[in-house]
Amino acid sequence: MFNKKKMTWFIETSRFMITVPIVIILAYPFLQSCPPAEAIKSSNSDHVPLFNYRKSPNFKNSPKCTTFPTSSITTKICNPSLVHISMTLDTKFLRGSVAAIHSILQHSHCPENLFFHFISSDTINLEPHLGKIFPLLSFKIYYFNPGIVQNKISSSIRQALEHPLNYARNYLDDLLESCVERVIYLDSDIILVDDISNLWRTSLGLSTVGSPQYCHANFTNYFTPKFWSHKKFFRAFHGRKPCYFNTGVMVIDLIKWRKYRYTKKLERWMKIQRVHRIYELGSLPPFLLVFAGKIAPIHQRWNQHGLGGDNLSGNCRNIHAGPVSLLHWSGGGKPWLRLDSGKSCPLDELWARYDLHGYK
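Residues numbered from 1 in each chain as written. Predicted model: local features only at pLDDT ≥ 70, side-chain atom pairs only at ≥ 80, totals over all residues. Heavy atoms only, no water.

**Observations concerning the state of the cysteines**
Piece 1. This structure, assessed with the given rule, holds 4 disulfides.
Piece 2. The disulfide that involves Cys78 links it to Cys179, with 2.0 Å between the sulfurs. Looking along the S-S bond of the Cys78-Cys179 disulfide, the torsion reads about -70°, which is the left-handed sense. Of the two residues, Cys78 sits in the loop between helix H2 (73–77) and strand E5 (83–88) while Cys179 sits in the loop between helix H6 (172–175) and strand E8 (182–186), which places them 101 residues apart along the sequence.
Piece 3. Across the disulfide from Cys215 sits Cys243; the S-S distance is 1.9 Å. Disulfide Cys215 to Cys243: torsion about the S-S bond roughly 100°, handedness right-handed. Residue Cys215 is found in the loop between strand E11 (213–214) and helix H8 (225–229), and its partner Cys243 is found in the loop between helix H9 (231–234) and strand E12 (244–245); the two are separated by 28 residues along the sequence.
Piece 4. Among the residues examined, Cys243 registers a relative accessible area of 8% and is labelled buried. (Disulfide = S-S within 2.5 Å. Helix = DSSP H or I, 4+ residues; strand = E, 2+ residues; numbered from the N terminus. Buried < 20%, exposed > 50% of the residue type's maximum accessible area, 1.4 Å probe, protein only.)

As structure tokens, then:
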């Protein structure tokens with residue numbers, strides 16, 4: 001049973017910080033959805049419940065935002081003054097992606113200064129559907145060919161981790177235009193309760209990737225005994241103090257990524273994995289092998305991860321102690337599936353406030 005007395009959240013925005021029990025926090029305006037969104041339905045997919053979404057409110061820049069002249073998508077893509085965000089997009093996780101976008105726009109002071117780079121392997125054209133849900137959204141959808149990684153992927157502890165689209169983040173340097181120099185990568189099962197520009201302004205220093213890291217985690221668990229028993233493998237961490245980080249939230253310097261050819265380095269470890277079976281957790285371990293101990297650490301408030309429970313059972317979990325800017329339902333349980341099944345976890349109710357699927 002959920003204990004209302006023990007679970008306390010710290011939610012901090014760029015304006016103020018509050019500490020309140022979860023039963024109260026859901027009543028605070030900055031965590032709630034805007035007025036009811038307008039119901040829409042795709043004219044091409046009326047018979048497919050998947051595309052039954054309500055139209056998002058039109059989020060506008062605050063008076064203090066820099067205003068850019070109206071320009072084409074091509075011009076916006078190359079504007080370094082915009083906040084560039086990349087996410088994968090597919091029909092299976094579309095509901096999660098829509099809720100994530102909704103939360104990002106709602107908590108942004110300058111939502112018109114955001115540009116979304118969506119990566120998709122779907123044969124269905126999702127652009128018109130997304131455009132109807134978010135009429136003012138600046139975005140482009142890039143096609144990721146699953147064949148690029150199909151023969152590089154090995155089996156994982158959970159089948160969902162084997163999906164080729166999970167590996168699309170390895171190829172952002174090539175998928176996105178060369179003029180895109182910096183990007184925030186986000187998983188589809190997240191919700192923001194803070195202005196994403198605060199994450200965008202993170203200094204990476206000399207690092208290529210920035211992410212919250214968790215040095216208390218047992219790092220040895222992310223690799224098999226075979227990895228740790230062979231020096232030719234574990235010496236990859238020589239001279240480093242590797243810590244676990246979750247690849248669902250990363251700030252990436254694409255200039256450095258391209259310069260040092262990190263995609264090739266990730267592919268090398270994927271090739272080794274196919275032969276020697278040195279890990280079990282899909283697309284995460286290659287990132288740890290290449291970047292752990294070398295990332296720019298970002299405050300853990302930007303990835304309160306694990307809310308989907310473990311990879312197999314997906315049990316309910318609470319957030320970690322401390323402030324919260326981003327909640328992440330990584331793990332086996334997704335909030336929209338648990339809500340639909342009538343077996344939701346307490347934190348899933350917060351996710352539901354950004355859900356635009358169906359009619360309410």
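**Brief notes about the confidence of the model for the protein**
Piece 1. With 83% of its residues at a pLDDT of 70 or more, the protein shows a mean pLDDT of 86.
Piece 2. The low-confidence segment residues 1–48 (pLDDT under 50) makes 112 contacts with residues lying over four places distant or belonging to another chain. (pLDDT = per-residue confidence, 0-100. Contact = heavy atoms within 4.5 Å.)

**Some details on the environment of Ser207**
Piece 1. Within the secondary structure, Ser207 sits in the loop between helix H7 (196–200) and strand E10 (209–211).
Piece 2. You can call Ser207 buried: its relative accessible area is 14%.
Piece 3. A C-alpha to C-alpha distance of 7.9 Å links Ser207 and Asp253, two positions 46 residues apart in sequence.
Piece 4. At a separation of 3.0 Å, a polar atom in the side chain of Ser207 contacts the main-chain carbonyl oxygen of Lys294. (Polar contact = N/O pair within 3.5 Å; in protein donor to acceptor, adjacent residues only side chain to side chain.)

**Topic: the packing of aromatic side chains**
Piece 1. Per the counting criterion, the structure on display carries 23 aromatic pairs.
Piece 2. Judged by centre distance (4.5 Å) and plane angle (20°), the rings of Phe223 and Phe227 are stacked. Accessibility classification places Phe223 together with Phe227 in one group, the buried group.
Piece 3. Among the aromatic residues, those joined into a ring-pair cluster are Tyr214, Phe219, Tyr222, Phe223, Phe227, Trp228, Phe233, Phe237 and Tyr244.
Piece 4. The aromatic ring of Trp269 is capped on one face by Arg268, whose charged end is 5.0 Å from the ring centroid. (Phe/Tyr/Trp six-rings, centres within 6.5 Å; stacked < 30°, edge-to-face > 60°. Lys NZ or Arg CZ within 6 Å of the ring centre and 35° of its normal.)

**Considering the sheet that holds E10**
Piece 1. Within the open sheet, the 7 strands sit side by side as E7-E6-E5-E8-E13-E10-E14. Their pairing is mixed. Edge strands, defined here as strands with exactly one partner in the open sheet, are strand E7 (139–143) and strand E14 (296–297).
Piece 2. Two elements, E5 and strand E6 (residues 114–120), share 6 bridges in a ladder whose sense is parallel. Within E6, the position partnered with Thr88 by the bridge is Ile119.
Piece 3. Most of the contacts of helix H3 (residues 94–106) go to E6, to which it runs at about 170°, and overall it touches E5, E6 and E8. (Pairing = 2+ DSSP bridges. Axes fitted to C-alpha atoms, helices over the stretch in contact; angles between N-to-C directions.)

**Observations regarding helix H11 (residues 262–276)**
Piece 1. With 15 residues, H11 should reach 21 Å at 1.5 Å per residue; the first-to-last C-alpha distance of 21 Å fits that figure.
Piece 2. Where H11 is buried, its residues contact H6, H9, helix H10 (254–260) and helix H12 (284–291).
Piece 3. Remark: Arg277 follows H11 within two positions and exhibits a positive phi of approximately 55°. (Expected span 1.5 Å × (residues − 1).)

**As for H12**
Piece 1. Counting buried residues along H12, 8 of its 8 residues qualify, which places the element largely inside the surrounding structure.
Piece 2. Considered for burial, the residues of H12 that qualify are Leu284, Pro285, Pro286, Phe287, Leu288, Leu289, Val290 and Phe291.
Piece 3. Against the buried residues of H12 lie E10, H8, E12, strand E13 (249–253), H10 and H11.
Piece 4. A positive phi of about 90° marks Gly293, the residue just after H12.

**Topic: the pattern of salt bridges**
Piece 1. On inspection of all chains with the given rule, the structure shows 10 salt bridges.
Piece 2. Two residues, Arg301 and Asp194, come together in a salt bridge whose shortest N-O distance is 3.6 Å. Pair noted here: Arg301 is in the loop between E14 and strand E15 (323–324) and Asp194 is in the loop between strand E9 (190–192) and H7, with a separation of 107 residues, a long-range link. As far as the burial class goes, Arg301 and Asp194 line up, both buried.
Piece 3. Residue Glu267 is joined to Lys264 by a salt bridge in which the shortest nitrogen-to-oxygen separation is 3.9 Å. Here Glu267 and its partner Lys264 are both found in helix H11, 3 residues apart, which amounts to about one turn of the helix.
Piece 4. A residue is classified by how much of its surface remains accessible, and Glu267, at 15% relative accessible area, is buried.
Piece 5. Shared partners join several salt bridges into a network, and the residues in it are Arg95, Asp340 and Asp355. (Salt bridge = Lys/Arg side-chain N within 4 Å of Asp/Glu carboxyl O.)

**Digging into unusual backbone geometry**
Piece 1. Here Arg261, not a glycine, exhibits a phi torsion of approximately 55°, which is positive.
Piece 2. Inspection of the secondary structure puts Arg261 in the loop between H10 and H11.
Piece 3. By relative accessible area, which is 53% here, Arg261 ends up exposed.
Piece 4. If you check the backbone angles, Arg277 has positive phi at about 55° while not being a glycine.
Piece 5. With respect to the helices and strands, the residue Arg277 is situated in the loop between H11 and H12.

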